[in-house]
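Analysis of the macromolecular model
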Amino acid sequence: MVTENTPTDTLNRHLRDLRISVTDRCNLRCTYCMPAEVFGPDYKFLPRSEILDYEELARLARVFAQLGVTKLRITGGEPLLRRNLPDFIAMLTRIPGIDDIALTTNGILLPTLAKPLAEAGLNRVTVSLDSLDDKTFGELNGRGTGVKPVLAGIAAAEKAGLGPVKVNMVVQRGVNDKDILPMAEHFRGSGRILRFIEFMDVGTTNGWRMDKVVPSREIQKLIHERWPLESAEPNYRGEVARRWLYKDGQGEVGFISSVTNTFCGDCTRARLSARGELFTCLFAAEGMDLREPLREGKTDAELIELVSARWKARDDRYSEIRNQNTAGIKKAEMSYLGG
Ligand code: SAM
Ligand code: SF4
Ligand code: SF4
């Protein structure tokens, strides 16, 4: 909800959503996110003392809520690896002004966690799945993990009342573009909403190249030729995915086109890293440290002032200016700042 406290950035965008990364660790090594060659056995993840505890994260979430944030998304790394996550969700539900708490996960631990998370007050989940083919998926996730545990996770989420589940598929040319139609076929009519995500140049280690991006337009055309689609209105202003409905009533698909059809103009998202830094863009190199002020004993009013001032100075629009003058710039890894 926009209040008199809600800051507006230099491009007239309000602060509305907050993504909270609860860990930088993951049980998978997706090639496009945490390639195993980089995130190997010697990789130094954040030590426990560096990571904000749940009280600290919830306190910051409360600060953001006072600045107009209504939607929270819990992410990582793999958020389900963080111990006692349902306790954290329960803390977030008690924050005045928060009306939606969602979680993005690879789904593997949902069979045990979906029910306690739903009982704690989680509203929805998005599950990432890039292929229905075990070989392709196993190679992509860098751990040889098959598709079955993820599908079991989706089913568990639905059973726990966390549906409709959104399914995120990152498409790369020559890697899993052959899986577009099988994925569409599998999820059409299932009540689950498949969203195709353009492969992004997040971080600096995933070997991104423009020719590996499959533009949403191409995917939409491919599906439309098989199962005709019609465009649908966004659910709310600033919705990242563009929605299309199957004309035969078998549900919808979404497209997140952060490379070919950017949406910086409506970007109301802030990100909080597990270490307590505020990032105002997915492609930012550095965040603003909130952990030290928090641990130094700053009051809520002082923290509100810090965040508000940072947001007011925000001018990020990386996706819009990509390819012009962004080549070679330093960026934080997505698993670190929270996807
Ligand atoms: N581990 C959880 C998961 O995989 O859903 C949450 C964190 S992950 C960083 C969040 C989302 O970012 C996932 O849907 C993932 O597919 C997506 N992602 C990661 N790297 C990406 C990239 N280079 N391009 C596009 N999407 C990416
Ligand atoms: Fe882990 Fe998610 Fe990144 Fe894959 S996309 S490596 S599951 S954080
Ligand atoms: Fe928002 Fe940055 Fe993505 Fe643009 S590039 S939509 S400003 S996170």
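Residues numbered from 1 in each chain as written. Chains lettered and ligands numbered in written order. Predicted model: local features only at pLDDT ≥ 70, side-chain atom pairs only at ≥ 80, totals over all residues. Heavy atoms only, no water.

**Some points on the overall build of the chain**
Just so we agree on the cut-off: Helix and strand definitions here come from DSSP, where helices need a minimum of 4 consecutive H or I residues and strands a minimum of 2 consecutive E residues; each element is numbered from the N-terminal end. The globule rule is 2.2 Å times the number of residues to the power 0.38, and the radius of gyration it is compared with is taken over C-alpha atoms. Burial classification: accessible surface area is computed with a 1.4 Å probe over protein chains only, and a residue below 20% of its type maximum counts as buried, one above 50% as exposed, and the rest as partly exposed. It only takes one pair of heavy atoms within 4.5 Å for two residues to be counted as in contact. Calculation of accessible area relied on Shrake-Rupley with a 1.4 Å probe; when residues are assessed, cover is drawn exclusively from the protein chains displayed. For this count, His and the chain ends are skipped, Lys and Arg are scored as positive, and Asp and Glu as negative. Every charge is mapped onto a representative atom, which is NZ of Lys, CZ of Arg, CG of Asp or CD of Glu.
For the chain, the helix and strand inventory stands at 11 helices and 12 strands. Rg of the C-alpha trace for the chain: 19 Å, near the compact-globule value of 20 Å for 339 residues, within the 12% margin. A principal-axis box enclosing the C-alpha atoms of the chain has dimensions of 55 × 45 × 45 Å. Burial analysis of the chain (339 residues in total) assigns 55% to the buried set. In the chain, of all internal contacts separated by at least 6 residues, the share reaching a separation of at least 24 is 72%. Total accessible area on the chain is roughly 14900 Å²; 50% of this is exposed by carbon and sulfur atoms. A gap of 2 Å separates the mean positions of the 48 positive and 46 negative side-chain charges of the chain.

**Re the pattern of salt bridges**
Oppositely charged side chains are able to pair whenever their charged atoms sit close together. Worth spelling out the cut-off: By salt bridge we mean one thing: a side-chain nitrogen of Lys or Arg within 4 Å of a carboxyl oxygen of Asp or Glu.
Per the stated rule, a full pass over the model turns up 21 salt bridges. Salt-bridge contacts for E218 lead to R173; the nearest nitrogen and oxygen are separated by 2.9 Å. Residue E218 is located in helix α7 (residues 216-226), and its partner R173 is located in the loop between β5 (166-171) and α6 (180-187); the two are separated by 45 residues in the primary sequence. Take R173: its relative accessible area is 33%, and that puts it in the partly exposed class. The salt bridge involving D248 is made with R188; its shortest N-O contact spans 2.9 Å. Of this pair, D248 sits in the loop between β8 (242-246) and β9 (252-256) while R188 is found in the loop between α6 and β6 (193-198), placing the two residues 60 residues apart along the sequence. Looking at D248, the relative accessible area reads 45%, which means it is partly exposed. According to the relative accessible area criterion, R188 is buried, its value standing at 18%. Ionic contacts of the salt-bridge type, sharing partners, join the residues D9, R13, R314 and D316 into one network.

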